[in-house]
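Remarks on the overall topology
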Amino acid sequence: MERKDFSSWLEGPPQHNSQEWPGQDLGRPDKGPGSIGRFPRRIGALCIDWGLSMLLSWWLFNFNDLATLLLFCVGQIIGVGFTGHTIGHRTFGLQVQSMDGSAVKPLQGLIRSLLLCLAIPVFVTDKDQRGLHDRLPKTILVNIR
């Protein structure tokens, strides 16, 4: 029986893809505008958007949990569905686009936002760092600067 190092299971399953960076197979550059928005920027944008939702919830609804989630969801639907980004996305230089690089349609923004609020689809990602909330509506989060 082969002994495994402690760190071997932390690395996850072996990767058998031929791409060198997320989005390469989709024709996206490694860095700069059009490249895949990476994890640290995504988390920063999420924190800003959730923080603004909490602030509004505190001001309007005395920190009601459901109100916070609904405010976050509405912010995502409006921001992503009509402009391609939320305040958090804009702050971190990110934009949600359709797979062909065109603007997101409102229905895509609605589907993406509802799945994002369920939380679990965010953690089911592919080799291009797209969660189910991006794969189902056929969107992608990219850097714009």
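Residues numbered from 1 in each chain as written. Predicted model: local features only at pLDDT ≥ 70, side-chain atom pairs only at ≥ 80, totals over all residues. Heavy atoms only, no water.

Our next topic: helix 2 (residues 65-83). The end-to-end C-alpha distance of helix 2 is 26 Å, a good match for the 27 Å that 19 residues give at a rise of 1.5 Å each. Within the span of helix 2, buried status applies to A67, T68, F72, C73, Q76, G79, V80 and G81. Looking at the buried side of helix 2, the elements it contacts are helix 1 (39-61), helix 3 (87-91), strand 1 (94-98) and helix 4 (106-118). (Helix = DSSP H or I, 4+ residues; strand = E, 2+ residues; numbered from the N terminus. Expected span 1.5 Å × (residues − 1). Buried < 20%, exposed > 50% of the residue type's maximum accessible area, 1.4 Å probe, protein only. Contact = heavy atoms within 4.5 Å.)

With that settled, the discussion passes to the packing of helix 1 against helix 2. Two elements in contact, helix 1 and helix 2, have axes whose closest approach is 8 Å; the angle formed by their N-to-C orientations is 125°. Compared by their axis directions, helix 1 and helix 2 come out oblique. When you trace helix 1 past helix 2, the crossing you get is right-handed. Of the residues in helix 2, those in contact with L46, D49, W50, S53, M54, L56, S57 and F61 of helix 1 are A67, T68, L69, L71, F72 and Q76. (Axes fitted to C-alpha atoms, helices over the stretch in contact; angles between N-to-C directions. Parallel < 35°, antiparallel > 145°, perpendicular 65-115°, else oblique. Left-handed = near helix turned anticlockwise from the far one by under 90°.)

Taking 1.5 Å of rise per residue, the 13 residues of helix 4 would be expected to cover 18 Å, and the 19 Å separating its terminal C-alpha atoms lies within 8% of that figure. Among all positions in helix 4, only Q108, G109, R112, S113, L115, L116 and C117 are buried. Summarising the contacts, the buried residues of helix 4 are in contact with helix 2, helix 3, strand 1, helix 5 (132-135) and strand 2 (139-143). Immediately beyond the C-terminal end of helix 4, within one or two residues, lies A119, with a positive phi of roughly 70°.

The feature "transmembrane region" (unreviewed entry), as annotated in UniProt, sits at residues 43-61, 67-88 and 109-125 in this numbering. Split by type, residues 109-125 is 59% helix and 0% strand. Its first and last C-alpha atoms lie 18 Å apart. (UniProt positions renumbered as here; feature names shortened; annotations may be inferred.)

Generally speaking, soluble globular proteins have nonpolar side chains that are buried together. Among the nonpolar cores identified, the biggest contains six residues, and these are A45, V80, L94, V96, V104 and L141. Apart from the residues lying within four places of it in its own chain, the contact partners of A45 are G88, H89, F92 and L94. (Core = buried A, V, L, I, M, F, W, Y, C linked by side-chain atoms within 4.5 Å.)

Examined against the element boundaries, R112 turns out to sit in helix 4. Contacts of R112, omitting those with residues within four sequence positions, involve Q76, V80, H89, V96, H133, D134, P137, T139 and L141.

So, about unusual backbone geometry. Most peptide bonds take the trans configuration, and most residues that are not glycine carry a negative phi. Phi at A119 takes a positive value of approximately 70°, unusual for a residue other than glycine. Along the chain, A119 falls in the loop between helix 4 and helix 5. Its identity as a non-glycine residue notwithstanding, Q129 has a phi of 60°, on the positive side. Looking at where Q129 falls in the secondary structure, it is placed in the loop between helix 4 and helix 5. Of the residues examined, Q129 reaches a relative accessible area of 29% and is grouped as partly exposed.

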